[in-house]
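# Secondary and tertiary structure notes
If you want the building blocks of each chain, they are given just below.
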Amino acid sequence: MAVTYATHEEQEAAEAHAPYIKVWVVLLVLTVLEYFYAKLMAGNMTALVLGLLILAGIKAALVALYFMHVKFEGRWVYAIMVPAGILAAILVLALMPDIGTAPENPDVEETVWSAPNAPLGRDEPGVRV
Amino acid sequence: MAHETATALAPDAPASPRSAKPLQGHSPVTPGKVAMWFFLATEVMFFTGLIGTYIVLRAGSPPTAYSNLFPPASAKAERPGLVGLRIEQPGDVEAVARLIRPLYEAHGAYYEGHDLEHLIEQGHAITPGLEPEKTEALAAQLRSLGATVEEESLHTYAWPLPYDTHTNPLSIDLTAVNTFILICSSVTMVLALAAIQRGDASRMRLWLLATIVIGSVFLGVQVYEYRELMFGHVYPPGISADGHFRPSSSLFASCFFTMTGFHGAHVAGGIISLLILFLTALKPGRYTQAHHSPIELVGLYWHFVDLVWIILFTVVYLI
Amino acid sequence: MSTNSLGSADGNIEPVSEATRAEARAASEGGGHGDHGGHGHGHDDHVHPAPSNFLTRYIFSTDHKIIGIQFLFSGLLFFILGGLLALAVRWQLAWPWSRVPILSTIMEGEWKTGGQMPPEFYNKLFTMHATVMIFFVIIPLLTGAFGNFLIPLMIGARDMAFPKLNMLSYWFMWPAFILMLQSFVVEGGAAEAGWTSYPLLALFRWATPGSLNGQTLWLMSLLFAGVSSMMGSINYITTILMLRAPGMKLFRMPMTVWALFITALLQAFALPVLTSALVMQLLDRTVGTNFFTPVAWSVANQPGPVGGGQTILWQHLFWFYSHPAVYIMILPAMGIVSDVISTFSRKPLFGYKPMVFAIAGIAFLGFIVWGHHMFQSGMNPALGATFMLSTMMIALPSAIKTFNWIGTLWSGSIHFTTPMLFAIGFVSMFVIGGLSGIFMAATPVDMHIHDTYFIVGHIHYVLFGGSTFGIFAAIYYWFPKMFGRMMDERLGKIHFVLTFIFFNGTFFLMHIIGMHGHPRRIATPYEYEFLNRPGIHFMNEFMTVNALLLGASQLIVVYNFVVSLFAGPRASENPWRANTLEWATASPPPHYNFLKIPTVYHAAYEYSVPGVEEDYLPQTRPLPPASQQMVLEPARG
Ligand code: HEM
Ligand SMILES: [Cu+2]
């Protein structure tokens with residue numbers, strides 16, 4: 001939002017010469033980075049999620065700011081997208097306690113697996129070799 | 001929020017109808033743009049429904065939902081200490097298949113036609129987890145048929161991990177290239193807009209065409225990927241009980257196909273809009289430096305679809 | 001899709017005939033006022049006549065007024081269907097397993113029960129009653145019919161921002177209508193899982209006959225209705241933000257427009273989540289995805305799907321939309337009632353700005369209370385407490401509104417016209433419905449009354465006593481503007497009195513049997529010992545008799561509507577002497593709404609202004625010098 005233009009024409013001219021190619025190169029570099037980061041960090045879930053989300057966030061922001069011209073647009077775009085983002089966050093957060101928490105089943109080991117020959121599951125016809 | 005929006009739109013008392021008055025230093029606000037951004041907000045909520053569902057279902061997936069030895073969501077994977085056999089060299093494929101097919105079926109994995117034989121030939125077959133003693137007996141039987149086998153102990157996961165070929169059929173390499181392609185189509189789109197903003201209609205046409213072509217390549221690759229997943233390849237039971245990765249195979253498959261499928265549908269919609277733009281742009285003077293809002297609006301949509309893909313690629317494939 | 005191909009703001013201005021152009025020029029020169037220079041682009045004087053082709057004029061029309069009237073007619077037709085379904089439900093509860101008049105005769109061959117209604121047919125009745133009433137009647141009437149008809153007129157625009165998109169939004173309702181009607185005749189019949197369609201009942205094809213095919217059609221139908229609403233809401237938002245007449249500041253807009261604006265925002269942000277949920281349920285049913293199927297589930301020894309999903313996920317997603325949806329169904333009615341009450345009290349609306357903020361507050365809070373429908377669904381208790389708190393909070397803005405209506409009525413010079421009667425009926429019935437809502441918001445209380453007839457009572461006090469009374473008020477109030485003729489006042493008043501009495505007779509006792517434990521959605525309540533009592537039998541019969549009379553009373557409004565449409569006395573431009581802009585043009589308004597786009601000088605509620613001869617002051621007339629101060633403070637009270 002830092003730049004201000006005196007006229008509409010200057011504004012359009014600025015848009016027309018925005019550094020699209022530079023942004024494109026940065027996006028590609030970030031994609032390659034993501035690719036190798038994911039390869040390196042496979043197995044370390046926390047680092048994977050954090051790092052990749054940051055990289056993806058930067059990419060998404062670049063697309064929005066430059067390609068979608070949010071950088072050149074009035075603040076009204078934020079007035080539309082920020083509430084949508086907040087509601088999206090509320091929805092996902094509120095789903096977490098019910099659906100997003102892995103069901104702990106402390107009984108499994110004692111009740112089922114302490115008896116080695118207990119039935120294994122719904123369609124268990126018994127193990128035959 | 002509503003108030004803020006509107007003061008930005010109507011700075012002085014008599015709100016000016018229809019005239020798109022440029023505000024100092026910002027792009028002009030037109031009804032088309034306002035509507036497009038609201039439409040994109042609804043799209044955000046729609047994809048939140050799908051991606052949010054994926055996130056919470058994944059977070060809530062029990063730790064034994066996927067394993068290298070059993071089909072997805074099999075209760076048998078809850079039992080620790082089981083061992084399976086990876087059949088590396090099949091020997092007599094037919095005989096090996098005859099031997100292990102009942103074992104597979106007893107554990108809920110039903111391979112049709114010659115799928116099981118293909119799986120064994122490709123060296124991807126893993127027998128279901130059994131107690132170590134039983135596994136040894138089975139190994140002896142398999143060796144007698146000329147197969148080389150390797151013991152493989154039970155590993156369970158709450159969700160298929162990237163690059164884990166026992167549980168995850170997705171090819172990250174292919175999709176990384178495809179992501180690359182879609183990003184390229186986004187830049188050609190914005191170059192088309194920049195061209196017409198400079199008044200260069202013929203460049204704009206070229207960039208539009210490039211966007212259509214590159215977008216179609218993306219879609220083509222996705223169709224190819226789907227075909228391989230659903231029909232082309234045969235996968236071990238840890239991916240799907242019938243060896244094919246289809247929306248019904250597992251919760252992972254359901255989420256994957258729904259999210260990427262709806263994204264693909266959006267890409268297809270974008271390509272159709274771009275085609276219409278391109279065809280109308282063939283008429284000289286249809287879009288000019290002063291009047292090119294359809295290019296800008298379709299562009300907004302196209303970049304949004306690209307943006308969604310950036311997120312999907314990260315959360316579905318890489319994580 | 002290319003927005004341009006759907007028609008941009010001024011994309012569909014057609015060549016203007018010489019005659020209209022001359023007329024427009026004359027008008028603009030005659031009534032010129034030079035102090036507003038901000039709109040000199042010449043668009044304002046572009047008027048063009050209605051298309052002369054019948055098809056483009058009345059069927060595939062892009063005129064917001066015609067589209068509004070199309071929504072009105074289809075909504076009212078489905079109102080009749082929904083009402084009949086409800087009467088059949090009532091019949092079964094009062095006189096279980098007896099022959100239902102007419103219905104049994106028609107269905108005898110199908111049922112093969114000697115005229116007794118099979119229980120699964122009862123399930124279809126309440127499911128389709130609610131679905132039709134909510135998705136085909138109340139939402140389309142409030143937002144589709146009145147939203148379309150009123151928004152451009154009330155803000156002083158020639159049409160919606162995107163007229164062709166507007167037309168599409170109506171025509172997307174038709175696949176929805178057809179699929180829903182078709183579901184009655186497919187194998188297994190219409191859906192049976194309630195309008196809430198919870199899995200697993202809704203998921204497995206063999207769960208109920210209605211789940212065989214009817215449920216799939218139900219889902220597809222609602223997808224179409226949802227797309228229609230989306231198109232409408234984006235159009236309304238853009239129109240209200242961009243096309244207001246000169247001087248129509250946001251805080252000069254009538255409450256009806258404010259309410260429709262915020263409703264459109266609610267739809268834009270909530271509906272896509274329902275769309276995604278509908279899509280997922282549809283995929284679960286058709287291609288076997290596993291979003292809502294738990295692991296290792298099988299019904300009737302059929303092989304089950306892989307599973308791994310969560311049934312409660314559907315409930316969350318559904319209510320994330322459907323709680324805001326209940327406000328989609330009430331906010332426009334609140335706006336309408338505010339305008340009607342102010343007009344017929346000949347007084348400014350009490351607390352205009354607080355009213356606007358209350359609507360905005362309800363809308364925001366409406367997004368964070370959805371869990372109050374799930375207290376009994378095995379939701380995490382921490383969530384339950386949070387949702388209980390936020391639900392209690394929503395009563396605050398609702399109360400603000402109620403007090404402001406009463407404040408408006410207070411010492412006003414009240415004219416008991418039919419729209420006013422319905423508006424007052426709305427306020428009083430909404431109080432009852434809102435209060436019962438607070439009962440249910442308390443988790444411990446809801447544990448007892450959830451899924452009982454108490455809920456059904458609440459629903460109907462807010463949706464019939466509230467939304468439907470609001471719709472009736474709107475029909476009586478704007479009928480002259482829509483059709484250029486007056487409705488009969490005497491018949492209107494009789495209609496109101498009978499509706500009011502029989503409405504309460506039908507629904508009040510539901511609270512009592514509900515607290516006694518009478519479950520909803522059950523064809524055989526009397527199989528429970530504690531319900532098989534003369535008192536319960538009597539109350540059910542009483543309610544059914546009242547319901548039948550309530551239905552019969554509606555014949556009065558049908559008669560009044562049809563006769564007035566063709567033979568009512570001609571309406572003047574402004575029969576109610578109201579201030580808002582729609583009354584500043586002919587009745588019915590010409591195709592282009594206003595010959596000259598009006599200039600707005602003040603808010604819509606300048607009634608009984610000191611220094612003005614008449615007791616109203618249209619928004620198009622400046623305030624007299626004596627009361628100039630009010631310009632600074634347009635929202636008094
Ligand atoms: C003061 C405001 C309100 C409060 C506190 C409130 C609270 C509640 C609660 C807690 C429930 C769930 C009861 C249960 O199932 O156990 C409920 C159900 C319902 N409410 Fe409200 N409500 C309010 C206003 C409204 C309004 C204005 C409408 C519609 C115009 C409405 C329509 C409904 C409907 C349709 C249901 C039943 C949904 C179903 O299960 O089928 N409510 N309300
Ligand atoms: Cu609610």
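Definitions and limits used
Residues numbered from 1 in each chain as written. Chains lettered and ligands numbered in written order. Predicted model: local features only at pLDDT ≥ 70, side-chain atom pairs only at ≥ 80, totals over all residues. Heavy atoms only, no water. Helix = DSSP H or I, 4+ residues; strand = E, 2+ residues; numbered from the N terminus. Rg over C-alpha atoms; globule rule 2.2 N^0.38 Å. Buried < 20%, exposed > 50% of the residue type's maximum accessible area, 1.4 Å probe, protein only. Contact = heavy atoms within 4.5 Å. Areas by Shrake-Rupley, 256 points an atom, 1.4 Å probe, with all protein chains shown as cover. Lys, Arg positive; Asp, Glu negative; His and termini not counted. Charge placed at Lys NZ, Arg CZ, Asp CG, Glu CD. Donors = N, O, S within 2.8 Å, 3.2 Å for Na, K, Ca; no water. Domains from an automatic or database assignment. Buried area = accessible area lost by both parts, 1.4 Å probe. Salt bridge = Lys/Arg side-chain N within 4 Å of Asp/Glu carboxyl O. Polar contact = N/O pair within 3.5 Å; in protein donor to acceptor, adjacent residues only side chain to side chain. Core = buried A, V, L, I, M, F, W, Y, C linked by side-chain atoms within 4.5 Å. pLDDT = per-residue confidence, 0-100. Near = heavy atom within 4 Å. Nonpolar A, V, L, I, M, F, W, Y, C, P; charged D, E, K, R; others polar. Phe/Tyr/Trp six-rings, centres within 6.5 Å; stacked < 30°, edge-to-face > 60°. Lys NZ or Arg CZ within 6 Å of the ring centre and 35° of its normal. Expected span 1.5 Å × (residues − 1). Arc of directions from axis to C-beta. Patch = residues over 30% accessible without salt bridge, like charges linked within 9 Å, V, L, I, M, F, W, Y side chains within 5 Å.

### Focus: the overall build of chain B
A count of helices and strands for chain B gives nine helices and four strands. Each helix and strand of chain B, ordered N terminal to C terminal, gives the series α-α-β-β-α-α-α-β-β-α-α-α-α. Whereas a compact globule of 319 residues would reach a radius of gyration of roughly 20 Å, chain B reaches 27 Å, over 25% beyond that. Its C-alpha atoms put chain B at 85 × 40 × 25 Å along the principal axes. Considering chain B as a whole, with its 319 residues, one finds that 63% of them fall into the buried category. In chain B, 75% of the contacts between residues at least 6 apart in sequence involve partners at least 24 apart. If you sum the accessible surface of chain B, you get close to 10,800 Å²; carbon and sulfur atoms cover 61% of it. Here chain B contributes 18 positively and 26 negatively charged side chains, and the mean placements of these two sets differ by 14 Å.

### Looking at the overall build of chain A
Check the secondary structure of chain A and you find five helices and zero strands. For chain A, the residues scored as buried account for 42% of the 129 residues in total. Sequence-distant contacts, at least 24 apart, represent 52% of the contacts inside chain A between residues at least 6 apart. Accessible surface, chain A as shown: approximately 6,900 Å² in total, 68% of it carbon and sulfur.

### Some words on the coordination of the copper ion (ligand 2)
Residue and element names in this part refer to chain C. Within the protein, the copper ion (ligand 2) binds to H323 (ND1), H372 (NE2) and H373 (NE2); these donor distances fall in the range 1.9 to 2.1 Å. Written as a sequence motif, the donor arrangement for the copper ion (ligand 2) is H-x48-H-H. Here the iron atom of ligand 1 and the copper ion (ligand 2) are spaced 4.4 Å from one another. Residue H323 is found in helix α10 (residues 311-328), and its partner H372 is found in the loop between α12 (352-366) and α13 (381-409); the two are separated by 49 residues along the sequence. Side by side, H323 and H372 carry an identical accessibility label, which is buried.

### Structural notes on the domain arrangement of chain B
Residue and element names in this part refer to chain B. On domain assignment, one finds that chain B holds domain 1 (31-60 + 165-318) and domain 2 (81-153). A C-alpha centroid distance of 40 Å is found between domain 1 and domain 2. The interface of domain 1 with domain 2 comprises 10 residues on the first partner and 12 residues on the second. Among the residues domain 1 hides against domain 2, the three largest losses belong to H166, V234 and P237. Together they make up 54% of the total. Linking domain 1 with domain 2 are zero salt bridges. Our count for the domain 1 to domain 2 interface comes out at four residue pairs in polar contact (both at pLDDT 80 or more).

### Here's the deal with the nonpolar core
The biggest cluster of nonpolar side chains holds 303 residues, and the ones touching the most others in it are L208 and F245 of chain B together with L72, F136, F146 and F426 of chain C. Beyond its immediate sequence surroundings of up to four residues, L72 of chain C is in contact with L141, A145, F146, I475, M482, F483 and F561 of chain C. Formed by 21 residues, the second largest nonpolar core is a distinct cluster that contains L103, Y111, L130 and V234 of chain B.

### Some details on the confidence of the model for chain A
Residues with a pLDDT of 70 or more make up 65% of chain A, whose mean pLDDT is 77. This model gives residues 106-129 of chain A a pLDDT under 50, and the stretch forms 33 contacts once residues within four places in sequence are excluded.

### Focus on the site of ligand 1
Residues and elements named next belong to chain C. Every one of the 22 residues lining ligand 1 counts as a neighbour, but W195, D446, H450, H458 and R520 are closest to it. H458 places a polar side-chain atom, nitrogen or oxygen, 2.8 Å from a nitrogen atom of ligand 1. Going through the elements one at a time, α10, α14 (418-441) and α16 (453-483) are the ones with two or more residues in the shell around ligand 1. It is α14 that provides the largest number of residues to the shell around ligand 1, a total of six residues. Across the shell around ligand 1, the residue classes tally to 13 nonpolar, seven polar and two charged.

### Some remarks on the coordination of the iron atom of ligand 1
For the iron atom of ligand 1, the sole protein-derived donor is H458 of chain C (NE2), lying 2.1 Å away. Note that H458 of chain C resides in helix α16.

### Some details on the environment of F72 of chain A
Residue and element names in this part refer to chain A. Among the secondary structure elements, F72 is positioned in the loop between α3 (45-67) and α4 (76-100). F72 sits in the buried class, given a relative accessible area of 6%. Sequence separation of F72 and A47 is 25 residues, and the distance between their C-alpha atoms is 34 Å.

### Points about the environment of G247 of chain C
You can see G247 of chain C is positioned in the loop between α8 (214-242) and α9 (255-286). On a C-alpha basis, the gap between G247 of chain C and F367 of chain C in space is 33 Å, while along the polypeptide they are 120 residues apart.

### Thoughts on the side chain of N404 of chain C
On the secondary structure map, N404 of chain C appears in helix α13. When residues no more than four places from it in sequence are discounted, the contact partners of N404 of chain C are F350, G351, P354 and M355 of chain C.

### What about the packing of aromatic side chains?
Within a pair of aromatic rings, the relevant descriptors are the distance that separates the centres and the angle that separates the planes. All names here are of chain C. In the structure shown here, the tally under the stated rule is 79 aromatic pairs over all chains. For the pair F469 and F503, a centre-to-centre distance of 5.5 Å together with 55° between the ring planes defines the contact as tilted. One end of the pair, F469, is in helix α16; the other, F503, is in helix α17 (residues 489-515), and 34 residues separate them in sequence. By the burial criterion, F469 is buried, and F503 matches it. Above the face of the F251 ring, K353 is positioned so that its terminal group lies 4.7 Å from the ring centre.

### Details of helix α5 (residues 132-144) of chain B
Residues and elements named next belong to chain B. Relative to the 18 Å expected for 13 residues at 1.5 Å per residue, α5 spans 18 Å between its end C-alpha atoms, a close match to the ideal helical length. Taken residue by residue, α5 has T135, L138, A139 and L142 as its buried positions. Angularly, the buried residues of α5 cover 105° about the axis, an arc narrow enough to put them on a single face. Exposed residues pointing more than 90 degrees away from the buried face of α5 are listed as E133, E136 and S144. Elements that come into contact with the buried residues of α5 comprise β2 (83-89), α3 (93-106) and β3 (148-153).

### Things to note about the confidence of the model for chain B
All names here are of chain B. Summarising the model, chain B shows a mean pLDDT of 89, and 92% of its residues fall at 70 or more. The least confident element of chain B, judged by mean pLDDT, is helix α1 (residues 2-9) at 38; the most confident is helix α8 (residues 251-281) at 97. Taken together, the stretch residues 1-25 has pLDDT below 50 and engages in 65 contacts with residues farther than four places along the chain or on a different chain. The ipTM, which scores confidence in the relative placement of chains, is 0.91 for this predicted complex, and the corresponding pTM is 0.90.

### Quick word on unusual backbone geometry
Residue and element names in this part refer to chain C. Following P199, the chain continues into L200 via a peptide bond in cis, with omega recorded as 5°. As for its position among the elements, L200 is in the loop between α7 (173-182) and α8. Backbone torsion omega between S587 and P588 reads -10°, so that peptide bond is classified as cis. With respect to the helices, strands and loops of the structure, P588 is situated in the loop between α18 (534-567) and α19 (629-632). The phi angle at S197 is positive, at roughly 50°, despite the residue not being glycine. With respect to the secondary-structure elements, S197 resides in the loop between α7 and α8.

### Thoughts on the pattern of salt bridges
Close approach of charged atoms allows side chains with opposite charge to pair. Residues and elements named next belong to chain C. According to the stated counting rule, one finds 16 salt bridges over all chains in the structure shown. For E108, the salt bridge goes to R99, with nearest N and O atoms at 2.8 Å. On the accessibility criterion, E108 (30% relative accessible area) is partly exposed. Of the residues examined, R99 reaches a relative accessible area of 39% and is grouped as partly exposed. The partner of R621 in a salt bridge is E614, and the shortest N-O contact between them spans 3.3 Å.

### A short note on a nonpolar patch on the surface
Among the surface-exposed residues, I21, V25, V29 and L33 of chain A lie close enough to one another that they form a single nonpolar patch of about 320 Å² accessible area. Along the chain, the position of I21 of chain A falls in helix α2 (residues 20-41).

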